[in-house]
Amino acid sequence: MSKILVTGACGQLGSELTIALRTKHGNDNVLATDVRNPSGQLAEGPFEILNVMDRDKLFELANKYQITQVYHLAAILSAKGESDPKFAWQLNMESLIHVLDLAKDNKLEKIYWPSSIAVFGPSTPRINTPQDTVMDPNTVYGISKLAGERWCEYYFQKYGVDVRSLRYPGLIGYKAKPGGGTTDYAVDIFYKALEEGSFECFLSENTALPMMYIDDAIKATIDLMEADIETIKVRSSYNIAAISFTPKEIANEIKKLIPEFNISYKPDFRQQIADSWPDSIDDKKARHDWGWNHDFDLSKMTNEILEGLRKQLGL
Ligand code: AKB
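On a predicted model such as this, the values are computed, not experimentally measured, just so you know.

**Overview of the overall build of the protein**
The helix and strand tally for the protein stands at 11 helices and 14 strands. The C-alpha atoms of the protein give a radius of gyration of 19 Å, which matches the 20 Å a tight globule of 315 residues would have. Seen through its principal axes, the protein has C-alpha atoms that stretch 55 × 45 × 40 Å. Summarising the internal contacts of the protein: among those between residues at least 6 apart in sequence, 78% fall at separations of at least 24. Entry remark: accessible area of the protein is about 13200 Å², with carbon and sulfur atoms responsible for 48%.

This is how it looks when you write it as structure tokens:
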């Protein structure tokens, strides 16, 4: 039986992925950890406070709970990382090395670590960005993800650590809010549409970015982790894609259900980050190697989020 530890479990992805893992592996077999206390359904299972930079505590918890797998989600995202680049580098890199060492020393079954479309940069081909291509990230977050991919491959090659990874696009869900990302507007827009009827977007109207509904991201993560070891051909990180849209396109989709909704644009420093990232991603390797397939397009996602968020907000 697998015993799983999730770092960053209170975050946007962590809070939903932890619940999905508990449903799959049993409540008591999935230890959620974070620097803040859990709330809601997340609080119904095992939890420990963990700062991922605290190597000793990570090892101590892994031994105490006899952990066999780690999902290392804690990280500082692209926009927030720019306010303190050295700290973002330190947290993102040191914590990954701790988890890789834990996997090596304790001979864990496997570990999961998310990379991001932020590994790409201004010289990367923007449309249908290939799996293997020019990578010149210009945010500290992107640099840390690219370096992290190299470390993952290194630990796999040198020590046989079964580490698996996906380059997530912007993740969109409504149950937990993201923090500090460049794609966060695509979550905020739903809250503002329902609560205020209008939204000021920090990206310009025609900025296309790769995005994915959170349910698809959870499915991709679990599918990758359950795939037979022989099918995993990429040990840096897999491109995965679902949808790509601009702020104007998502606003038009919302207007189909809330006709009075209004969007305005006031690009800030995050525009430059978005401009350095791809418009769309070629993920045929993930589709071929372990059968990745997305379920949600823009309209299915918009309908589901507005319906769920209305209930959540009691509207
Ligand atoms: C961010 O915007 O920083 C993240 C990402 C694309 O990795 N959502």
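**Section: the site of the ligand**
As a structural note, the neighbourhood of the ligand is formed by L77, S78, S116, I117, Y141, G181, T182, T183 and W277. In this structure, an oxygen atom belonging to the ligand sits 2.5 Å away from a side-chain N or O atom of S78. The separation between a nitrogen atom of the ligand and a polar side-chain atom of T183 is 2.9 Å. Surface burial for the ligand is 94%, taken as the share of its 250 Å² of free accessible area covered by protein chains. Partitioned by chemical class, the residues of the shell around the ligand number 4 nonpolar, 5 polar and no charged. The residues that make up the shell around the ligand include at least three from each of domain 1 (4-170 + 212-239) and domain 2 (173-209 + 243-313).

**A short note on the environment of D54**
Within the secondary structure, D54 sits in the loop between β3 (47-49) and α2 (55-64). Separated by 126 residues in the primary sequence, D54 and G180 have C-alpha atoms spaced 22 Å apart.

**Topic: the packing of helix α8 (residues 247-257) against helix α11 (residues 298-312)**
Between α8 and α11, whose axes approach to 10 Å, the crossing angle comes to 55 degrees. When the interaxial angle is binned, α8 and α11 end up oblique. Crossing of α8 against α11: the hand is right-handed. Counted together, E249, I250, E253, I254 and L257 of α8 and L298, S299, M301, T302, N303 and L306 of α11 form the full contact between these two elements.

The rules behind each value
Residues numbered from 1 in each chain as written. Predicted model: local features only at pLDDT ≥ 70, side-chain atom pairs only at ≥ 80, totals over all residues. Heavy atoms only, no water. Helix = DSSP H or I, 4+ residues; strand = E, 2+ residues; numbered from the N terminus. Rg over C-alpha atoms; globule rule 2.2 N^0.38 Å. Contact = heavy atoms within 4.5 Å. Areas by Shrake-Rupley, 256 points an atom, 1.4 Å probe, with all protein chains shown as cover. Near = heavy atom within 4 Å. Polar contact = N/O pair within 3.5 Å; in protein donor to acceptor, adjacent residues only side chain to side chain. Nonpolar A, V, L, I, M, F, W, Y, C, P; charged D, E, K, R; others polar. Domains from an automatic or database assignment. Axes fitted to C-alpha atoms, helices over the stretch in contact; angles between N-to-C directions. Parallel < 35°, antiparallel > 145°, perpendicular 65-115°, else oblique. Left-handed = near helix turned anticlockwise from the far one by under 90°.

So far we have only geometry, and geometry alone does not tell us how the molecule works.
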